[in-house]
Amino acid sequence: MEAQTWSRLEPDVRRGEILAKARAAFAREGYAAVSMAGIADQVGVTPGLINHYFGPKRALYATVLSEISARLPLMVRTNLGARRK
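The structure contained in this document is the topic of the report that follows. Please read all numbers here as calculations on a predicted model, not as lab measurements.

**Examining the packing of helix 1 (residues 11-29) against helix 4 (residues 57-75)**
(1) Moving on: Put simply, helix 1 and helix 4 touch, their axes get as near as 10 Å, and they point 90 degrees apart. Compared by their axis directions, helix 1 and helix 4 come out roughly perpendicular. Two secondary-structure elements touch here, helix 1 through Arg 15, Leu 19, Ala 22, Arg 23 and Phe 26 and helix 4 through Lys 57, Leu 60, Tyr 61, Thr 63, Val 64, Glu 67, Ile 68 and Arg 71.
(2) Moving on: For the contact of helix 1 with helix 4, the per-class residue count stands at seven nonpolar, one polar and five charged.

Here it is, written out as structure tokens:
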């Protein structure tokens, strides 16, 4: 078994990496099936670091949903009720 190597990243970079893996995991597996330990393994960090950045799983999930909803206007046409002149 290979020893795991750790790398220190800037907090914003690491936070983004965690969010990307969490977003993919929640989309693929659903909330109930996702574990903080599983996300941590995918990112190469400890579950405690995820907890440090986001709090418990529910808070991480809320952050993922908030991030997605903030981008919805960029992905969906939102001016359907506007009249053209």
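**Observations concerning helix 4**
(1) Moving on: For helix 4, with 19 residues, the first-to-last C-alpha span of 26 Å sits near the 27 Å given by 1.5 Å per residue.
(2) Moving on: Among all positions in helix 4, only Lys 57, Leu 60 and Val 64 are buried.
(3) Moving on: Those residues of helix 4 that are buried lie in contact with helix 1, helix 2 (36-43) and helix 3 (47-54).

**Concerning the environment of Ala 32**
(1) Moving on: You can see Ala 32 is positioned in the loop between helix 1 and helix 2.
(2) Moving on: On the basis of relative accessible area, Ala 32 is assigned to the exposed category, the value being 73%.
(3) Moving on: Along the sequence, Ala 32 and Lys 57 sit 25 residues apart, while their C-alpha atoms lie 9.9 Å from each other.

**Structural notes on the packing of aromatic side chains**
(1) Moving on: By the definition in use, this model includes four aromatic pairs.
(2) Moving on: Summarising the aromatic geometry, the rings of Phe 26 and Tyr 31 are spaced 6.0 Å apart at their centres and angled 15 degrees between planes, so their arrangement reads as stacked.
(3) Moving on: By relative accessible area, which is 7% here, Phe 26 ends up buried.
(4) Moving on: We classify Tyr 31 as partly exposed; its relative accessible area is 31%.
(5) Moving on: Each member of the aromatic cluster is reached from another via a ring pair, and the members are Phe 26, Tyr 31 and Tyr 61.
(6) Moving on: Taking the ring centre of Tyr 31 as reference, the NZ or CZ of Lys 57 above it sits at 4.2 Å.

Cut-offs applied
- Residues numbered from 1 in each chain as written.
- Predicted model: local features only at pLDDT ≥ 70, side-chain atom pairs only at ≥ 80, totals over all residues.
- Heavy atoms only, no water.
- Axes fitted to C-alpha atoms, helices over the stretch in contact; angles between N-to-C directions.
- Helix = DSSP H or I, 4+ residues; strand = E, 2+ residues; numbered from the N terminus.
- Parallel < 35°, antiparallel > 145°, perpendicular 65-115°, else oblique.
- Contact = heavy atoms within 4.5 Å.
- Nonpolar A, V, L, I, M, F, W, Y, C, P; charged D, E, K, R; others polar.
- Expected span 1.5 Å × (residues − 1).
- Buried < 20%, exposed > 50% of the residue type's maximum accessible area, 1.4 Å probe, protein only.
- Phe/Tyr/Trp six-rings, centres within 6.5 Å; stacked < 30°, edge-to-face > 60°.
- Lys NZ or Arg CZ within 6 Å of the ring centre and 35° of its normal.

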